[in-house]
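One letter stands for each residue in the lines below.
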Amino acid sequence: MKTIRDFNFKDRKALIRVDFNVPLDSDQKVTDETRINAAIPTIRKILDDGGSCILMSHLGRPKNGPEYKFSLHHIIPNLREQLDLTVLFGDDCVGRSAKEFSRQLNPGQVLLLENVRFYKEETSGDEAFAKQLASYGDIYVNDAFGTAHRTHASTTVIAKFFEDKCYGYVMQAELDNAEKVLNGAEKPLTAIMGGAKISDKILIIQKLLDIVDNLIIGGGMSYTFTKARGGNIGNSLLEEDKMELTKALEAKAAKKGVRLFLPVDTVIADDFSNDANIQTVAVGEIPPQWQGLDIGPETVRLFSEVLESSKTILWNGPMGVFEFPVFAEGTDAIARAVVKATENGSFSLIGGGDSASAINNLGYGDKVSYISTGGGALLEYIEGKTLPGVAALEG
């Protein structure tokens, strides 16, 4: 399997699948440039070699064709600033403008095509659509790890139409850093799993129990564990049909010698609101009509001690409803503990999504070892699943 380092792009038109699925505010301004910044080295390498770049991406989840709020035109100012050059824009990803722009593209130029998901053929993996996209370039570069777990036209199907195809720098870095956790991680290895539902993390937790020394469970999913242990959780998030599963996971952890850490106290509220009345109680002692929305200070101390004694850390998912400032302290504190461990020599991999947002929003983006650009893809890779976007480059 080849990487971008294996090619000289002089006089070549590189068709690059990037992941510019970035958050926008109500004025269609980019609020987090992480994914744009991540793609710049790949684009730069091709331009510096004397090639040209044709960029494909999706943005959001448009339902029925083009929608202004999901237009990739909104990110051109950011891309132009990062590259310090004019970025051409094809107002369609297929059709006359895309075909003409790509045909006339000269070495050193960059063309951004409109959102590929404006066509349903993208997500259905339509072969004719993929072939049309493929006609614009003479080498295919996949640098969109965040969509590597999807069998979409521009991420997977398209590769069959190219003799020359390779990873970009982002894709290579994602796989390399995931491998640092999966194979040969320095011990102790600690995984932090947060988020709302245990059903979303069953497979990853089962896999992690085979490789980690410590497993920390936080967020909404922890209340199902607490309930299964006989605790009172009030109106907290509960997946009642997963209570037996939590017992099985605890049993597997004990059998494997994995130390499983759950919250010991929790910040509760009488309403799902930043303005709710709040208090801190011991886990399992939440009164009726109240709900747990963050980990408490004793839990922060416990989890932080585990993290600061770890040599390898994987974090995926928040510790509470961090969108509300009053319930963000747990997630913020864990971020600080991960940063401290990293400063002391530990390797830390942040698993995309909300965890990445928390780290970046706190200004810690450059203080951890690696922030994944693809939460779902990373989880599936660690689970042991084959990622279609990766496999397509092997053919």
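Everything below is about the structure printed above this text.
J.: Please set out the nonpolar core residue by residue, giving values where relevant.
T.: By size, the foremost hydrophobic cluster in this structure holds 63 residues, and its most contacted members are Ile-158, Ile-205, Leu-208 and Leu-215. Ignoring any residue separated from it by four or fewer positions in sequence, one finds Ile-158 in contact with Leu-15, Met-56, Ala-130, Leu-133, Ala-134, Tyr-140 and Ala-153. In terms of nonpolar packing, the next biggest core, distinct from the first, is built from 31 residues, Phe-9, Val-30, Ile-40 and Val-141 among them.

J.: Report on the packing of aromatic side chains, specifying residues and quantitative values.
T.: Throughout the structure, instances matching the rule amount to 5 aromatic pairs. On the numbers, 5.7 Å between centres and 25° between planes, the contact of Tyr-140 with Phe-162 is stacked. On the criterion of sequence distance, the pair formed by Tyr-140 in strand E5 (residues 139-142) and Phe-162 in the loop between E5 and strand E6 (165-167) is long-range, its members being 22 residues apart. The class of Phe-162 is buried, set by a relative accessible area of 7%. The rings of Phe-272, Phe-324 and Phe-327 are connected pair by pair, giving a single aromatic cluster.

J.: Explain the pattern of salt bridges to me, and be specific about the residues and the numbers.
T.: A side chain of one charge can pair with a side chain of the opposite charge when the charged atoms of the two come close. Applying the stated criterion across every chain yields a total of 18 salt bridges. With a closest N to O distance of 2.9 Å, Arg-12 and Asp-164 form a salt bridge. Here the residue Arg-12 occupies a position in the segment before strand E1 (13-17), and Asp-164 occupies one in the loop between E5 and E6, the gap between them amounting to 152 residues. On the basis of relative accessibility, which here comes to 22%, the residue Asp-164 falls in the partly exposed class. The salt bridge partner of Asp-241 is Lys-242, with a shortest N-O separation of 3.1 Å. With a relative accessible area of 18%, Lys-242 lands in the buried category. Linked through salt bridges whose partners overlap, the residues forming this network are Arg-12, Asp-138 and Asp-164.

Conventions used here
- Residues numbered from 1 in each chain as written.
- Predicted model: local features only at pLDDT ≥ 70, side-chain atom pairs only at ≥ 80, totals over all residues.
- Heavy atoms only, no water.
- Core = buried A, V, L, I, M, F, W, Y, C linked by side-chain atoms within 4.5 Å.
- Buried < 20%, exposed > 50% of the residue type's maximum accessible area, 1.4 Å probe, protein only.
- Contact = heavy atoms within 4.5 Å.
- Phe/Tyr/Trp six-rings, centres within 6.5 Å; stacked < 30°, edge-to-face > 60°.
- Helix = DSSP H or I, 4+ residues; strand = E, 2+ residues; numbered from the N terminus.
- Salt bridge = Lys/Arg side-chain N within 4 Å of Asp/Glu carboxyl O.

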